[in-house]
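# A look at the structure
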Amino acid sequence: MVGIPGLQAFHCWIGIPVCLLFALALLGNSVIIITIKIEPSLHLPVYFFLCMLAVNDMALVSSTAPKMLGIFWLDAHKFDFSICLAQMYFIHTFCIIESALLVAMAFDRYVAICIPLRYTTIVTTPMITKMGLAGVIRATFMVLPCPLLIKRLPYYTKYVINHAYCEHMAVVKLASANTLINRAYGISVALSVMVLDLGLIATSYIKILQAVFRLSSQNARSKALGTCAAHVCTLLGFYTPALFSFLTHRIGKKVPSSIHIIFASLYLLVPPTVNPLVYGVKTKQIRDRVVSLF
């Protein structure tokens, strides 16, 4: 595992922001989970979704950052191929789960704003559990064929991955065989997740905006939109670098590999770090409770 090609001399310095992002992600998400757990007034569906997002964010950074720090600080470039496949599987699985949770949170905001009188009967604890399990099951089975398809490929001469972690296409490119099936499946999974999830989120927010602009009071409009502000910031923080990484990997041939790898790494490290800050600042109940805790 090379790390970031062309920037090997700066690996020691690059490891510092990676370590800071890792530590802040673990700390911030832990504070969110503990705050929601100990505060009875926060035992509501929207905060249960936030807890699930925090747990998934901690799992995502934990599957990525330690190996990156090993490469940057300890020159731990060599490791077993099966461990590489395991890391690849968990990273992509947690990313798809994250996308599913953002869809669930968009649905929660849609029900809360568009049909508030039925909110408590629609968004119940069993419904939250089912949505969470559906997201986990979808991600588990969608990503599972990726390492299985890679295991069947022969690797004769290339054993060096020009990346900071085991990304699917970076591993596939090393194979000494036709990888059309692997590439096609990888693209189909990425496109299906993005198109479906972004479509559902866009539909929810179109309905939300229609409902908000039908309100006569300016104060009511501001309050309704304010409840969505944190979720919108999370959406932008997650999907923007994801789309950039996906597009540059396939059509941005002139983009230097170092830039692509940096963005691909930020895509996994920045959203889990920023999400607790966004919800801590934008959500008054969480903000007040965290302030009182400290």
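Rules used throughout
- Residues numbered from 1 in each chain as written.
- Predicted model: local features only at pLDDT ≥ 70, side-chain atom pairs only at ≥ 80, totals over all residues.
- Heavy atoms only, no water.
- UniProt positions renumbered as here; feature names shortened; annotations may be inferred.
- Phe/Tyr/Trp six-rings, centres within 6.5 Å; stacked < 30°, edge-to-face > 60°.
- Buried < 20%, exposed > 50% of the residue type's maximum accessible area, 1.4 Å probe, protein only.
- Helix = DSSP H or I, 4+ residues; strand = E, 2+ residues; numbered from the N terminus.
- Salt bridge = Lys/Arg side-chain N within 4 Å of Asp/Glu carboxyl O.

In the annotation of an unreviewed UniProt entry, the protein is listed under the name Olfactory receptor and assigned to Canis lupus familiaris. Looking at the protein in UniProt, the text filed under Function (unreviewed entry) is "Putative odorant or sperm cell receptor." The UniProt entry for the protein carries this comment under Sequence similarities (unreviewed entry): "Belongs to the G-protein coupled receptor 1 family."

## A short note on the packing of aromatic side chains
The geometry of an aromatic ring pair comes down to the distance between the two centres and the angle between the two planes. Enumeration according to the criterion identifies five aromatic pairs in this entry. With centroids separated by 5.0 Å and ring planes inclined at 80°, the aromatic side chains of Phe238 and Tyr239 adopt a geometry described as edge-to-face. Residue classification places Tyr239 among the buried positions, given a relative accessible area of 6%. Aromatic pair Phe238 and Tyr267: ring centres 5.7 Å apart, planes at 45°, arrangement tilted. Note that Phe238 is positioned in helix H10 (residues 218-250) and Tyr267 in helix H11 (residues 257-282), a separation of 29 residues in sequence. Judged by its relative accessible area of 3%, Phe238 falls in the buried class.

## A short note on the pattern of salt bridges
Inspection of every chain in the model, using the stated rule, returns two salt bridges. The partner of Arg109 in a salt bridge is Asp108, with the nearest N and O atoms 2.8 Å apart. Of the residues examined, Asp108 reaches a relative accessible area of 0% and is grouped as buried.

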